[in-house]
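One letter stands for each residue in the lines below.
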Amino acid sequence: MTQSPGGFAGRVLRVDLSSGKVSREDTAEKYGDVLGGTGIGYRVLFDEVPAGTGPFDPANKLVFATGALAGTGVPCNGRTAVTAVFPTVWPAPLAGSGHMGGQFAAKLKYAGYDALILEGRADKPVWLFIRDGRVELRDASRLWGGGIRRATLEISQEMGPDCVVAAIGQAGERLAPLAIVANSVSHSAGGVGGVMGSKNLKAVGVQGSGSLRIAGPRDEWERLIKHHLSLLGANNQHVVPAFPSPESEYYNPGSRWVGEPGRRWGAADPPVEITGSILDLNRIAYRSNSAAFFLGEQAWRHTVRGNGCTACPIRCHTVVKMPSVAAKYGIKEVGQNTCVGLVFGRAFFRNMPGGNKGLGSLEACMVGMHLADDYGLWCNYGQLQRDFVKLYSDGTLKARLPAKEYASYDWDKYDAGDPAFLFDLIPRLSERQGELGQVMSQGTAGLFRHWGLKEEDWKRDHSTLYWKMGHPKHHANEDDGQCGVLINTQYNRDAQCHSHTNFVRNGLPIEEQKRLAGGIWGSPDSVDAVGDYRPMNVHKARRARWSLVRKELHDSLGLCNWMGPWVASPLKEQGYRGDDSLESKLFSLATGRATSREELDLMGERIFTLHRALTIRDMGTLAMREKHDLTPDWLYEDKHGQQPFTQGTIRMDRADIATALDMFYGVMGWDKASGAPTRETYARLGLDGAASALERLNLLPGDGNEPGK
Ligand code: SF4
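Quick summary incoming for the structure in this document. (Residues numbered from 1 in each chain as written. Predicted model: local features only at pLDDT ≥ 70, side-chain atom pairs only at ≥ 80, totals over all residues. Heavy atoms only, no water.)

Looking now at the overall build of the chain. Each helix and strand counted, the chain has 29 helices and 19 strands in total. The globule rule puts the C-alpha radius of gyration for 709 residues at 27 Å, and the 24 Å found for the chain is close to it. Expressed along its principal axes, the backbone C-alpha trace of the chain runs to roughly 65 × 60 × 55 Å. Of the contacts made within the chain by residues no fewer than 6 positions apart, 66% connect residues no fewer than 24 positions apart. Per element, the accessible surface of the chain, about 23700 Å² overall, is 50% carbon and sulfur. (Helix = DSSP H or I, 4+ residues; strand = E, 2+ residues; numbered from the N terminus. Rg over C-alpha atoms; globule rule 2.2 N^0.38 Å. Contact = heavy atoms within 4.5 Å. Areas by Shrake-Rupley, 256 points an atom, 1.4 Å probe, with all protein chains shown as cover.)

Moving on to the packing of helix α23 (residues 538–557) against helix α25 (residues 597–619). Put simply, α23 and α25 touch, their axes get as near as 8 Å, and they point 85° apart. In terms of axis orientation, α23 runs roughly perpendicular to α25. Between α23 and α25, the contacting residues are Arg545, Leu548, Val549, Arg550, Glu552, Leu553, Ser556 and Leu557 on the first element and Arg597, Leu600, Asp601, Gly604, Glu605, Ile607 and Phe608 on the second. For the contact of α23 with α25, the residue count by class is 7 nonpolar, 2 polar and 6 charged. (Axes fitted to C-alpha atoms, helices over the stretch in contact; angles between N-to-C directions. Parallel < 35°, antiparallel > 145°, perpendicular 65-115°, else oblique. Nonpolar A, V, L, I, M, F, W, Y, C, P; charged D, E, K, R; others polar.)

Bringing the sheet that holds strand β10 (residues 180–183) into the picture now. Spatially, 6 strands are ordered β8-β7-β12-β9-β10-β11 in an open sheet, and the strand pairing comes out mixed. The open sheet has two free edges, formed respectively by β8 (134–139) and β11 (187–190), since each of these has just one partner strand. Within the sheet, the average angular offset between the axes of one strand and its neighbour, ignoring direction, is 15°. Two strands pair when backbone bridges link them, and strand β9 (residues 164–167) and β10 are joined in this way by 2 bridges, in the antiparallel orientation. Paired with Ala166 across the strands is Asn183, a residue of β10. Helix α4 (residues 148–159) rests against β7 (126–131), β8, β9, β10 and β12 (201–207) of the sheet, and its axis sits at about 145° to β9. (Pairing = 2+ DSSP bridges.)

One can find Ala495 in the loop between α20 (477–489) and α21 (501–504). On the basis of relative accessibility, which here comes to 4%, the residue Ala495 falls in the buried class. In sequence terms Ala495 and Met322 are 173 residues apart; their C-alpha atoms lie 33 Å from each other. (Buried < 20%, exposed > 50% of the residue type's maximum accessible area, 1.4 Å probe, protein only.)

All right, on to the pairing of β7 then. Here is the key point about a regular strand: its side chains alternate between the two faces of the sheet. Burial analysis of β7 places 5 of its 6 residues in the buried class, which makes it a mostly covered element. Relative to β8, β7 runs antiparallel, the two being bridged by 6 bridges. Bridge pairing in β8 places Arg131 opposite Arg134. Hairpin remark: β7 followed by β8, antiparallel, with 2 residues in the connecting loop; positive phi at Asp132, about 50°. Pairing geometry for β7 and β12, over 6 bridges, is parallel. By the bridge assignment for β12, Arg131 is matched with Gln207.

Listed below in structure tokens is the structure:
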């Protein structure tokens, strides 16, 4: 075994659930070229899972992987990528990753492992016990059929309070494609819960008593962490506040920096006054309040505090307390979540009494969080709720469901926006009861597959936000014009990339953004003002490439791509510049392997390209441009008939997007006709093995292999 460098735990744990065999691999030896996280996930799928493997086949593998910076003192480091053949991809399953925060990544590393590879299928329900070197499969029959909370509680009681439990609920057990695995109850990875259920694995409990070595000098490491902290804005790296402040030159009402002096976390005991300076490094969590951003002003009254992932000072996972839901619905008065997890319940409704930011809406959010996090149902970034609203509103549910089943739902409650409706709906969806549960728990793909609804209709309808392959848009043209579009063409699920939006939505005026962009991507024209897009240019293609590369880097280092990269900052005195080399500086000091920004970006590009190679292999075609890198029709329409490239529309132009793809393929070194990486590009990235495998399948461009074959 080679000596592990700093940062890494040094070993990957592999558990065969069919045989119970446990083995360990050397991280550096076997996965050194793909860093960790999604890199290890894609590598395992490419090398070990044959094309055509179904998501719930025992041959599918489930890879929980962190990275070199997880569990260190680096801000925002608590991420775990969970990669598998992903069940919600339409029309056939392909590789995908869910990503969870919380404390799982750090605990896994303190136990001595950078990743956990799960294979096979247990013959009865089990949970996996990991305490440092001790690894056992334990009986989970008493937990099977119960929710995530009970599994977490019982396993915690068995292991002790310093463990972290990642579990599935009933949705995962019933092999619902829309199922999560969640650690610490509410930090979830979407879409992979059913894969875990198919392996008869209820949960993974981890305890680690080890530590990680930081290879670089301690004072340098501490200086670098302070430097990193100084660059942080609010969540999504919004670097100006949402309100005018004497401490800030700029403000932007769209900013997620909503915490300001005079605010209070009203449900803390005693309530916490937010009076610190906006540049106080010890109070960065005061700047962000996800609940207030998503649920409106009144959420402040119900905020207990921010919670979040290991070493994250942003703490975007807001803890909310509402005694009224305990009194009315008998659920816990405290819940916590972030982003779409916060609005899970409310989003099912067409109308809420008091509007979307009223008290009824908050209660629906609490009920939704409570149920979804226990049953382990995934919303596919809100697509489940949008589909539900659409199908109810246009009469499809009434027409498709058996009359008895349709009548069994209390639609009056639904129409009244009564959160009690969710106590019927969410368990039935999660447990796949009736035709509604069977079909909708599969995601949008289920609607096409089982009800024969036409994907074209979803692609035409603005209100669905549907993009392609069973999934919605994720920070696309509405945030970042062609750059957002390119990013949304690249994955088999929603893109989950925030590198681009964390810059263009940072709140700085466009003139400042352009000045910064010129320094980072070579031209001010690499950025447009949101909603005022100009025709495509190659600088935008370079920025799309940078965004994707950094996303994969973060997902492979254990960093939060919801916060980074940190190329802009709140620091006026340094011209709002952040640090484009931050990741490589952190990696170099943690591991002791001096790695430049360019070298680390090359590794990110390798990982991203490996995902591309895997997709080409599993689709069995080179024709990525024609069959994979798709856009919806609604992208090219404006509800008010506004033309592309006029201020105030996010409408794109088909010919311009074709140009954008040409330019993007060009900067990636991919064949323009097919959208597939060339042999030279695989070689440049050290992916000769993948290239050879694809060559044997006639899936390398050139050599007479025509796109569309
Ligand atoms: S910003 Fe939120 S998701 Fe990201 S590391 Fe911090 S708490 Fe976790």
